[in-house]
Amino acid sequence: MNKDSTMEKIYDVAVVGMGPVGAVLTALLGKYELDVINIEKDREVFPLPRAAHIDHTGLRTIQETGCLDEILAEVIRNTRLDLLNADLELLRRIPADQRSVSGLPTSVYFYQPEFDRTLRKTAASFPSVTARTGVCMTAIEQHADQGLVKLEVVNEAGAHETITARWVVGCDGARSPTRELSGITLSSLDFDEQWLVIDLKVDAQKHRLPADHVIEVCDPKRPYLTTPIAKDRQRFEFMLLEGEDHATMLKHETIAGLLARWIPEEAYTIDRAAVYTFHGIIADEWRKERVLIAGDAAHQTPPFLGQGMCTGIRDAANLAWKLHRVVRGLCGDAILDTYQSERAPHAAKVIKAAIRIGKVICELDPERAAERDRLLLANDKGSQDNLLFSLPPLEEGPLVRKGGGNLFVQPRLHERYLDDIVGSRFLIVAKSEAAVGHSAQWWQTEMDAHVAMASELDSPELERWFKQNPCQVVVVRPDRYVLGTSDLLDTITEEVGNVLACKAVTA
């Protein structure tokens, strides 16, 4: 590695990659005022959409970065998912516009180049963030004895330099150099399929395309789906069959033939047509000493639930507050081991759910497909259950105690969202003064927690939450997941105090 570094500064965190996950993580760390450098190989955002969907969990994390209103101004709110048979008859309708626990739209679609520009601009706006584009990382050296990681990078002019940081997070995509250079291996979850993805510029409403929902056509001759990605853009995805080659599928006449049932050729222009292999994959390690990975570098999800990017943003939310505590010396770095133990099982469950639903949609055997259609039309409970999905809770662990693991509610209080009132810190809500016990002071002084009485918040959503979760006190983490519930705060404090802080609670 080049010894003559032109950058002697030591950053708290170096984030590799400024796609959505890297940009969100950078912004979250910037909000904590950590000294962060983001290294991105591309000078500009990718000019075509790749991801197109985000759920309320991702929007809630984006809310934390400060650009939610800007994002929401451009999205399409998803109303439902329609499953159709080969004759385009409705088999199953799954609503997507129900109320979310976050108080935000449950599901929306967006045009990624604009989305990415907003996230990049937001991340770079924090005073403690340095954003470097047009810079490619080529090597990683860990110096455990010094508590440092050195990255060799090359800029567009071919000049080499060394960037030094205390921690590195690779958010650099499915082919992640960070993962590869760190020797982290992947495990397959037994899903690999090739699909033709076509993005069109088209007036969806004029041509009666689904302008506010998704259609998945369960045709055993060739399963496919279509989704809006902007007011004037539509995506179609067609499964490749055995023996079909990329070149043939990408021919103009092939694409026109596939789309003919939905839209005449003269009505659209093709923004992009490409063949992708959709994988179900998860990394075996998410941390190698001072190097961590997140997003597609750590997991890859088939597209049937629109959860790929959402899963990555959940990684960023989980990791940011833990890195903040470690960098500031507020707790030991063992807390970072909970990143993989919490996120990997959660991501695997989401991937497996996407695979399960994908297999229902992508049945190629005509007889089995006909039986699937018959059962769905007959409202067979087992068949309908196979298509249901809800986010799993985090599994119990050092920072997920009894009653914990799900996102906490976010009501609006006096025209402000609860998360905006609390800020990037712990929240404790108690139903009585007695419930906060002796350790409330510790949470406030050592953890900078926001402690509130449920009666003071005066929220119907909170009242409903306490009815559904019988307890006297709840502790909510900075990533908005419930850490645990109890009748006494002291009980939770005894379980997690030594994990969260160098200075343990004292009565």
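(A) Seen up close, the sheet that holds strand β3 (residues 53–55). Sheet architecture is open: three strands sit in the order β3-β7-β4, paired in antiparallel fashion. Of all strands in the sheet, those with a lone pairing partner are β3 and β4 (76–77), marking the two edges. When β4 meets strand β7 (residues 107–109), the two strands line up antiparallel, connected through two bridges. Looking at β7, one finds that isoleucine 76 is bridged to tyrosine 109. Helix α2 (residues 56–65) contacts β3 and β7 of the sheet and is inclined by roughly 80° relative to β3.

(B) Structural view of the nonpolar core. Ranked by size, the top nonpolar core spans 79 residues in total, and within it Val13, Leu29, Ile54, Val169, Phe426, Trp443 and Leu500 carry the most contacts. For this core, the leading source of residues is helix α8 (residues 308–327), giving 10 residues. Excluding its chain neighbours within four sequence positions, the residues that come into contact with leucine 500 are Trp321, Arg325, Leu330, Cys331, Ile335, Leu399, Phe426, Trp443, Met447 and Leu483. Judged by nonpolar contacts, the second largest core, of 28 residues, contains Ile76, Ile94, Phe191 and Ile229.

(C) Focus on the confidence of the model for the protein. Confidence in the prediction for the protein averages 94 pLDDT; 98% of positions are at 70 or higher. When the criterion is pLDDT under 50, residues 1–7 qualifies, and its contacts beyond four places in sequence or with other chains add up to 18 contacts.

(D) Just the environment of valine 202, in detail. Considering the arrangement of structural elements, one finds valine 202 in the loop between β12 (186–201) and β13 (214–217). Dropping the residues within four chain positions of it, valine 202 is found in contact with His207, Leu209, Lys231, Asp232, Arg233, Gln234, Ile263, Ala267 and Tyr268.

(E) Examining the sheet that holds strand β23 (residues 450–453) more closely. One open sheet holds the four strands; their spatial order is β23-β22-β24-β25, and the pairing between them is mixed. Looking at which strands have only one partner, the edges of the open sheet turn out to be β23 and β25 (482–486). Averaged over all pairs of adjacent strands, the angle between their axes in this sheet comes to 15°, without regard to strand direction. As paired strands, strand β24 (residues 473–476) and β25 are joined by four bridges and run antiparallel to one another. For valine 474, the partnering residue across the bridge sits in β25 and is threonine 485. Running at roughly 145° to β25, helix α17 (residues 489–500) makes contact with β22 (427–430), β24 and β25 of the sheet.

(F) Geometry of unusual backbone geometry. In the Ramachandran plot, leucine 88 falls in the positive-phi region, its phi being about 65° despite a non-glycine side chain. Mapped onto the fold, leucine 88 is located in the loop between β5 (80–84) and β6 (90–95). You will see that arginine 480, though not glycine, has its phi angle at about 75°, which is positive. Of note, arginine 480 is situated in the loop between β24 and β25.

(G) Expanded view of the environment of phenylalanine 466. Within the secondary structure layout, phenylalanine 466 lies in helix α16 (residues 460–468). By relative accessible area, phenylalanine 466 is classed as buried at 6%. When the C-alpha positions of phenylalanine 466 and lysine 431 are compared, they lie 8.9 Å apart, and in sequence the two are 35 residues distant.

(H) Spotlight on the packing of helix α1 (residues 20–31) against α2. Relative to each other, α1 and α2 sit at 40°, their axes nearing to 9 Å. Considered as vectors, α1 and α2 are oriented oblique to each other. Crossing of α1 against α2: the hand is left-handed. Packed against α1, whose contacting residues are Val24, Ala27, Leu28 and Lys31, the element α2 presents Thr61, Ile62, Glu64 and Thr65 at the interface.

Analysis parameters
Residues numbered from 1 in each chain as written. Predicted model: local features only at pLDDT ≥ 70, side-chain atom pairs only at ≥ 80, totals over all residues. Heavy atoms only, no water. Pairing = 2+ DSSP bridges. Helix = DSSP H or I, 4+ residues; strand = E, 2+ residues; numbered from the N terminus. Contact = heavy atoms within 4.5 Å. Axes fitted to C-alpha atoms, helices over the stretch in contact; angles between N-to-C directions. Core = buried A, V, L, I, M, F, W, Y, C linked by side-chain atoms within 4.5 Å. Buried < 20%, exposed > 50% of the residue type's maximum accessible area, 1.4 Å probe, protein only. pLDDT = per-residue confidence, 0-100. Parallel < 35°, antiparallel > 145°, perpendicular 65-115°, else oblique. Left-handed = near helix turned anticlockwise from the far one by under 90°.

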